[in-house]
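Residue strings, one per chain:
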Amino acid sequence: MSNLTLKNLKKSYGAVEVIKGVDLAITPGEFVVFVGPSGCGKSTLLRMIAGLEVVTSGTIEIADRDVTQLEPYDRGIAMVFQSYALYPHMTVAENMGFALRLAGHAKPERRKAVEEAARILQIGHLLDRKPAQLSGGQRQRVAIGRSIVRQPDVFLFDEPLSNLDAELRVQTRIEIARLHQTLDTTMIYVTHDQTEAMTLADRIVVLRGGIIEQVGAPTDLYDDPDNAFVAGFIGSPAMNFLPCVAASANEVTVAGLTIALPQLQTQLRQGESMKMGIRPEHLNGTNGPSVAMKIDVVEQLGATAFVHGMLGGDLPLLVEARAMRPKAGDMINVPFDPQHVFLFDANGDRIR
Amino acid sequence: MSDATNIGSKAEKRIAVLFLAPALLLLIIFRLIPLGWGFGMSFTDANNAGTARWVGADNYLRAVNDPTFQDSVANTVILLATMPMMVMLPMLLAILIHQGVPGGKFFRAVYFLPAVLSSVIVGAIFNVVLRYDGSLNEFLAVFGFDAVDWLGSSSTALGALIAVQLWSTFGMSVLIFMAGLTTVPEDIIEAARIDGARFWQRLWFIVIPSLRPIIEFVAVVTTVGLLTNMFGLVYVLTGGGPGTATTLPEFLIWLEQGKLNRPGYAAALSMFLFVMMAGVAYAQIRIMKRNAEV
C-alpha cells in the first residue's frame, strides 16, 4: 500500500517544462525529503502535490485516491510554508483552529484540538497572541501546529527552516524529527540543505532540472551514488572530483599515480577518460596509495580541519584532516583507501 | 518619537527647518489666518460692500433655525450614509479584477477614466444622460418604463447626484484597492486554500481583514470627497434644487457668500462645516495611528 503516488508527473509554464516526468511512491509514515539546487523543481513538485500548482500531465494519488484535479482542501494534506504564512489578524489559537472552523467544528472541540497541538509543540502560553508578537521560531511552531490540528494524511514542508537562525534551525530540525516519530504520519519535506535532508529523511529524493536523479536512504546516497551530481550534492564538504584515465581493465591513473580498483565490476577500456570521486573524509587514511599535496588554505575547526590544496600544481583537492595541525604552504602526503574511490564516465554516470 | 528628533547634527536640523519653512508659511497665510479671519467674521453681519457690525452669536443661532441649512445637513447625512457602498463597490470590483477576470486591465482602465474628468465635464455628460428627454429615459422607454425627471424631481435628484458622484470617483478607489491587494501576501491565501477556505471564505476571512487599513483609508478619502468635492456636480447638474433637495453645506456657503451677499453668515456656516471636517480628520488621525501600531 502506498500513501502517495506520483505517476509521470509533468509541469510546464508555457514552453518551459519544469517538472519532466516524475514517478514516486511514498509509503505511509515515511519521511521523504526532496533536495536539490535552486531551480531543480523541488518546491514546484511539492506545490503540485499540495494542489497549489496545476498539473500539466500525470497523476497524483493520496491514500489511493486520485487527487490530481482536486482543490487543496480536498486532498487531505497540510502544508508548512517557508514564510510561515500565518494569518496576521488572527490570534495563534484562531490561526491553528481556522481549518476546523471552516469545516464547521464547534468551538469547544476546536479549542480542545488546538490545545492538544499546542501542548505537543509547547506553545500553550502563546495561544492568545497575534503572530506579530511572536519570534521567528515561535511563528514556525505555530505554523507547524496549524498543520497538526488538521490531522492530515500527508504533511508538506516547504523549506520550513530557511528563515531561522543557525541554532534555532538545528533545534527545530530535531523537533520535526521528534514530531514525525510521535505522529507517525507521512511527511514530505523540501530543502536545499543536504544536512537537513541527511538528518531527517527516511528516503531522499535528489532532483535536478525537473527530473529525479536518485531516490534512496541517506546512507545509500552517500555510500552508493548513481551519478556525479548526487555524489557531489550529498555529503559535506562536497566530494573531490579528479580527472583520471583508465590504465587497464581495473586500474586508473590520477595525478601521475596508478591505483588498482579491485571492487570494479565493469571492465575499463584502457585510455578512457573518466572522473574519479573521493570524499574529503576518506583522504586521511594511514596506508594505501598516497598523493603529495601543497596546502593553500586551512579551515581549522578544532576536532577536524578542512585542508585545501593542489595536486601537481593545478588539481584542487579538499582533505578532511583529523588529529593533525597542518599549516598553509606545507607539503603533505595524503594516503587513501581505493575502496572509497568512485568512478564516473564522461556523462557523469557512475561506473560500478 | 524622541529618538527620531534626536537624529542629525545641528546643521542638519537647520536645513530641515529651512525646508519646512515655506510649507509652514503657506499653511499659516492661506489656511490658519483665513480660518481665524472667518471665525471673526462669523460674529459680524459683514457684506460684500465692506461694512461689518458685531452681532455676537446671531449668525449661529440663525443657522440652527435656517430650514435651508437644516436641509443641507440632512442631505449631507444621506450622502454620508452611502459611504459604505462607495467603499465596498470599488473593493469588490478590485478583488474581481485582481482575481484575474478576463479583460481585467480593460476594466481597470475604464473604471479609472472618469476619475480624470473634471466635475464640470462629468456634470455636462450626465445632464445629457439624465435630463427628461435624455438617453437614460430613452433607454428605459425601450423596456416600457415611463420617463422620470431624474434631476428635476426632489425624490430622485439627490440619488442621481450620488450615483454620478459614485461613477466619477470609484475608479480611484478601485486603483487604491488594487494597489492594496498586491500587498496581501499570496502565501496566506494559499494557506487558507489548504485550510479549506472556499473563494468567498478566503475573501471574508483573509483578504478583507488584510485590506482593513486600505478600507479605512478609502473610507476617509471618500468621506472628505463627499463633504468638500460635490460643489462642481451640484452647480452643473441641479444648482442645489429642486428646492433644497440637493443643497449641500458647501453649496449653501457659496450661495450665501456670493449670491446673497452675506459673508458673515456664510462664515458661520463654514465654521459648522469646519467642525464636521475636523471630526472626520480626528477620526482619520486616530485610525492611521492605530494602523501604524499593528
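Residues numbered from 1 in each chain as written. Chains lettered and ligands numbered in written order. Predicted model: local features only at pLDDT ≥ 70, side-chain atom pairs only at ≥ 80, totals over all residues. Heavy atoms only, no water.

- Going by the annotation in an unreviewed UniProt entry, the name recorded for chain B is Multiple sugar transport system permease protein, with Yoonia tamlensis given as the source organism.
- Quoted verbatim from the Sequence similarities (unreviewed entry) heading of the UniProt record, the comment on chain B is "Belongs to the binding-protein-dependent transport system permease family."
- We quote the UniProt Subcellular location (unreviewed entry) comment for chain B here in full: "Cell membrane". (UniProt positions renumbered as here; feature names shortened; annotations may be inferred.)

- Identification of chain A as Lactose/L-arabinose transport system ATP-binding protein from Yoonia tamlensis is taken from an unreviewed UniProt entry.
- Regarding chain A, the relevant UniProt record gives this comment under Sequence similarities (unreviewed entry): "Belongs to the ABC transporter superfamily."

**Some details on the overall build of chain B**
So, point 1. Of the regular secondary structure elements, chain B holds 15 helices and zero strands.
So, point 2. Here chain B holds 294 residues, and 38% of them are scored as buried.
So, point 3. Sequence-distant contacts in chain B: of pairs separated by 6 or more residues, those separated by 24 or more amount to 67%.
So, point 4. Carbon and sulfur atoms make up 70% of the accessible area of chain B, which totals about 16,600 Å².
So, point 5. Put simply, chain B has 18 plus and 18 minus side-chain charges, and the middle of one group is 9 Å from the middle of the other. (Helix = DSSP H or I, 4+ residues; strand = E, 2+ residues; numbered from the N terminus. Buried < 20%, exposed > 50% of the residue type's maximum accessible area, 1.4 Å probe, protein only. Contact = heavy atoms within 4.5 Å. Areas by Shrake-Rupley, 256 points an atom, 1.4 Å probe, with all protein chains shown as cover. Lys, Arg positive; Asp, Glu negative; His and termini not counted. Charge placed at Lys NZ, Arg CZ, Asp CG, Glu CD.)

**Quick look at the domain arrangement of chain A**
Residue and element names in this part refer to chain A.
So, point 1. By the assigned domains, chain A splits into domain 1 (4-233), domain 2 (238-279 + 337-352) and domain 3 (291-335).
So, point 2. Computed from C-alpha coordinates alone, the two centres of domain 2 and domain 3 are separated by 22 Å.
So, point 3. On the domain 3 side, the residues contacting the five residues of domain 2 number six residues.
So, point 4. Together, the buried faces of domain 2 and domain 3 total about 550 Å²; carbon and sulfur atoms form 72% of this surface.
So, point 5. Summed over the three residues of domain 2 that lose the most area to domain 3, namely Asn240, Leu242 and Ala255, the buried surface amounts to 64% of that side.
So, point 6. Here domain 2 and domain 3 share zero salt bridges between them.
So, point 7. One can count one residue pair in polar contact (both at pLDDT 80 or more) joining domain 2 with domain 3. (Domains from an automatic or database assignment. Buried area = accessible area lost by both parts, 1.4 Å probe. Salt bridge = Lys/Arg side-chain N within 4 Å of Asp/Glu carboxyl O. Polar contact = N/O pair within 3.5 Å; in protein donor to acceptor, adjacent residues only side chain to side chain.)

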